[in-house]
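Here is what each chain is made of, one letter per residue.
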Amino acid sequence: MSVQNGNNVYQPYLMRIERAIDEAPGIRTFRLRFEDEEAGANFRFKAGQFGEYSVFGEGESTFCIASSPTRTGYVECTFRRVGRVTSALAALDEGDVIGFRGPYGNTFPIEEWTGKNLLFIAGGIALPPLRCVIWNALDLRENFGDVSIIYGARSVEDLVYKAELEEWGRRDDVRLTTTVDPGGETPDWKGEVGFVPHILEKVNPSSENTIALVCGPPIMIKLTLPVLAKLGFSPGDTFTTLENRMKCGIGKCGRCNVGKYYVCVDGPVFTLEQLQNMPPEY
Amino acid sequence: MTETKLLRKESLGPLLQRLRQGGRRIVAPCQAGQTNTVWFREVDGDEQIDLERFTVASAKSVVFPIVEEILKFKTIGRQVTIQNGTPRVESTVVVGLRPCDARGLEVLDAVFLGEPQDLFFRKRREATTLITLSCSKADENCFCTSVGGGPGDTRGSDLLLTPVQDDRFLVEVLTPKGAQIVEVGAELFEAVEADATQVPNKERFLASVPVRFSLSDVEAKLPRLFDREEFWHEQSLACLGCSTCAFVCPACSCFDIQDEGALHGGRRLRCWDSCGQKLFTLHASGHNPRSIQSQRWRQRIMHKFSYLPDRSRITPDAAGRPGVFGCVGCGRCSRACPAGMNIIERLTAIAEAEL
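A. Spatial organisation of the overall build of chain B. Counting secondary structure elements, chain B contains 10 helices and 12 strands. Here chain B has a C-alpha radius of gyration of 22 Å; the compact-globule value for 355 residues is 20 Å, and the two agree. Along the three orthogonal principal directions, the C-alpha set of chain B runs to about 70 × 65 × 45 Å. Going through the 355 residues of chain B one by one, you find that 56% of them count as buried. Relative to all contacts within chain B whose residues are 6 or more apart in sequence, the contacts with residues 24 or more apart total 71%. Surface summary for chain B: the accessible area is close to 15,600 Å², and the carbon and sulfur share equals 50%. Counting 45 positive and 45 negative side-chain charges, chain B places the averaged centre of each group 5 Å from the other.

B. Layout of the pairing of strand β2 (residues 27-34) of chain A. Residues and elements named next belong to chain A. Most of β2 sits inside the fold, with seven of its eight residues counted as buried. In this sheet, β2 lies alongside strand β1 (residues 13-24) in antiparallel orientation, the contact comprising eight bridges. From the neighbouring strand, I21 faces β2, where its bridge partner is T29. From the end of β1 to the start of β2, which pair antiparallel, there are two residues, and G26 there has a positive phi angle of about 80 degrees. Pairing of β2 with strand β5 (residues 74-80), which is carried by seven bridges, proceeds in the antiparallel orientation. Bridge assignment links T29 to a residue of β5, and that residue is T78.

C. Looking closely at a nonpolar patch on the surface. Residues and elements named next belong to chain B. A cluster of nonpolar side chains, namely I66, V67 and F247, defines an oily patch on the protein surface of about 240 Å² accessible area. Along the chain, V67 falls in strand β4 (residues 67-76). V67 sits in the partly exposed class, given a relative accessible area of 43%.

D. Examining the sheet that holds strand β15 (residues 269-271) of chain A more closely. Residue and element names in this part refer to chain A. Read across the sheet, seven strands follow the order β10-β9-β8-β7-β11-β12-β15 without closing on themselves; strand pairing throughout is mixed. Lying at the two open borders of the sheet, with one neighbouring strand each, are β10 (192-193) and β15. Judged from the six bridges that link them, strand β7 (residues 117-123) and strand β11 (residues 210-215) form a sheet pairing that is parallel. Directly across from N117, in β11, lies its bridge partner T210. Relative to the sheet, helix α4 (residues 162-170) contacts β8 (147-153) and β9 (175-180), its axis offset from that of β9 by approximately 135 degrees.

E. A look at α4 of chain A. Residues and elements named next belong to chain A. Turning to α4, its buried residues are E164, L165 and W168. Axial view of α4: buried residues confined to an arc of 105 degrees, hence all on one face. Exposed residues pointing more than 90 degrees away from the buried face of α4 are listed as A163, E166 and R170. Buried residues along α4 sit in contact with α3 (127-139), β8 and β9.

F. Up close: α3 of chain A. Compared with an ideal rise of 1.5 Å per residue, which puts 13 residues at 18 Å, α3 of chain A spans 18 Å between its outermost C-alpha atoms and is within 8% of the ideal. Inspection of α3 of chain A places L127, P128, P129, L130, R131, C132, V133, I134, W135, N136, A137 and L138 of chain A among the buried residues, and these make up the whole buried set.

G. Representation of the interface of chain B and chain A. With 47 residues of chain B at the contact, the number on the chain A side is 49 residues. Roughly 3,900 Å² of surface becomes buried between chain B and chain A when both sides are summed, with 52% attributable to carbon and sulfur atoms. Between the two partners, chain B and chain A, sit nine salt bridges. Residue D256 of chain B pairs with R255 of chain A through a salt bridge whose shortest N-O separation is 3.7 Å. Taken together, the connections running from chain B to chain A amount to 30 residue pairs in polar contact (both at pLDDT 80 or more).

H. Here's a closer look at the pairing of strand β5 (residues 79-84) of chain B. Residue and element names in this part refer to chain B. Sheet analysis places β4 next to β5, joined by six bridges and oriented antiparallel. The residue bridging F73 from the neighbouring strand is I82, located in β5. Between β4 and β5, which follow one another and run antiparallel, lie two residues, and G77 among them has a positive phi close to 60 degrees.

I. Spatial organisation of the packing of aromatic side chains. All chains considered together, the criterion is met by 26 aromatic pairs over all chains. On the basis of an interplanar angle of 55 degrees and a centroid distance of 6.3 Å, the ring pair of F108 of chain A and W113 of chain A is categorised as tilted. Owing to a relative accessible area of 1%, F108 of chain A belongs among the buried residues under this scheme. With 5.9 Å between their ring centres and 45 degrees between their planes, F64 of chain B and W272 of chain B make a pair best called tilted. On the criterion of sequence distance, the pair formed by F64 of chain B in the loop between β3 (38-42) and β4 and W272 of chain B in strand β12 (residues 265-272) is long-range, its members being 208 residues apart. Just as F64 of chain B is buried, W272 of chain B falls in that class too. Grouped by ring-pair contacts, the aromatic residues Y13, F30, F34, F43, F45, Y53, F63, F79 and F100 of chain A constitute a single cluster. A cation over an aromatic ring shows up here: K9 of chain B above the ring of F169 of chain B, its NZ or CZ 5.7 Å from the ring centre. The lysine or arginine in question, R335 of chain B, covers the ring of F54 of chain B, its NZ or CZ lying 4.7 Å from the ring centre.

Reading the values: the criteria
- Residues numbered from 1 in each chain as written.
- Chains lettered and ligands numbered in written order.
- Predicted model: local features only at pLDDT ≥ 70, side-chain atom pairs only at ≥ 80, totals over all residues.
- Heavy atoms only, no water.
- Helix = DSSP H or I, 4+ residues; strand = E, 2+ residues; numbered from the N terminus.
- Rg over C-alpha atoms; globule rule 2.2 N^0.38 Å.
- Buried < 20%, exposed > 50% of the residue type's maximum accessible area, 1.4 Å probe, protein only.
- Contact = heavy atoms within 4.5 Å.
- Areas by Shrake-Rupley, 256 points an atom, 1.4 Å probe, with all protein chains shown as cover.
- Lys, Arg positive; Asp, Glu negative; His and termini not counted.
- Charge placed at Lys NZ, Arg CZ, Asp CG, Glu CD.
- Pairing = 2+ DSSP bridges.
- Patch = residues over 30% accessible without salt bridge, like charges linked within 9 Å, V, L, I, M, F, W, Y side chains within 5 Å.
- Salt bridge = Lys/Arg side-chain N within 4 Å of Asp/Glu carboxyl O.
- Axes fitted to C-alpha atoms, helices over the stretch in contact; angles between N-to-C directions.
- Arc of directions from axis to C-beta.
- Expected span 1.5 Å × (residues − 1).
- Buried area = accessible area lost by both parts, 1.4 Å probe.
- Polar contact = N/O pair within 3.5 Å; in protein donor to acceptor, adjacent residues only side chain to side chain.
- Phe/Tyr/Trp six-rings, centres within 6.5 Å; stacked < 30°, edge-to-face > 60°.
- Lys NZ or Arg CZ within 6 Å of the ring centre and 35° of its normal.

So far we have only geometry, and geometry alone does not tell us how the molecule works.
Okay, structure coming up:
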């Protein structure tokens, strides 16, 4: 837990937007550099953790850290413009300064996965938390077996990280399947057409020695989990992140409380096994 | 440490006067305007203090203000500078809170003093001394004895005053902070003879608060009642979702963080909030994990009587005590609820539910 600046746990780092990328309609990615170089040099996080990003005068929003911990000196976030804070964020540009608190929360136990195959399944704007793990794994490629990615969005233009999808598609050590919902394809679309759970069934990955990571809208997760079970993935080897509304990020404000857990400190990473023992309030 | 003294009731005013002169702020129950209700507020004269009636809200705002400035920011062009919020921490004496209120602050301690500590809370807490008043009367909404407390409970207090004679308080000096108060007004306090027979038995002067329900049954049954939608629907039919209960509660600690901005700067605020509010859990996507009021009522009950004690057994509070419940039995929520919801009735129904 990093505590900065006179022990005021609510005080953010100042971050300058070094790069701003329009990913898809309403979706942007920022690469953020620490204004305080020393803080940036000392900043460490692990895959799965999140932060509180703020526009001063508008408030804070919670997003995962979308960049990989193997790439230091900056953090990246990807967000959809949907409310007050994200609208204000979306209006900013390279060179502007925002606030960032973190890293918060638990992590994917990636160091326990050495030698295992990784299957990533993501829908829409939920690729960012997995993108962090994907790059983390690809930067340590020799530690893992097969790396498979199934990613779907409503339409071709709604896919995020388009350049990276192309890069993953070109690599022969990554098995990438992209899909769009029926009607979302363009004439030159070369990927699949269909919903993520169906495409997962079609790809039919082996569950042997494999960890499944699933992030997506609730409906996608709900329909994907039975397919994973059918493929033989155990609840203990199936991971996801919860996206409960948060404010403090440090287990105090009460907002992300689900059963006896606080998603901000006990999560956001949970196994399906853990979720099955929690009230369905997420 | 427990040392016992006597204090004449008429000496309380001069004691507070002296504390005030020594630079301490006095917060006490006072009638609010012409409302005929009593609330804690800062007092500059003793004639305003009402030690007879229960306050509408608890004293928690002394350490956990409704709105706390956690930082200030200035924006000049593309440059932003941040300045830490500095709470106006003045040495404060709260007088006339009840044993339930003092225990309520311990519930807040478990949240705010758990790592990482909330600096604003800690500073205020450290600067606050509690002169608690035992209850010599209780009403039908009181249930401190059902949740581990009592009308003369010393837990959480620095000094506990119990009216033991028409004109005197028995004073229990419970902490070094309490001893400092006694030191300030040394000659106002009367020694109690070492001879034990001279010490008034305080129990005789305390209100009788019957145990209304079994707390262990409540805690044991809640996890199994969680899925009984009909049960929670019935429990919460009257609930308006107004959160009055949370605002008057000594143990509710949930908060929001909001910016108050202007063109060239502003401030970030930590503000009271409540799980009874629909917006409390609303996701940006429009999905709401607790979308209906019965689920929010269930959360209120589960959090106080199941999750908090369960969690605090895993992670003991600052004082290392296991099993902190989020309720101290003050009955304020029942008194204040605009829809007449009664917490004792609800908890009794839970304790006695057929599973």
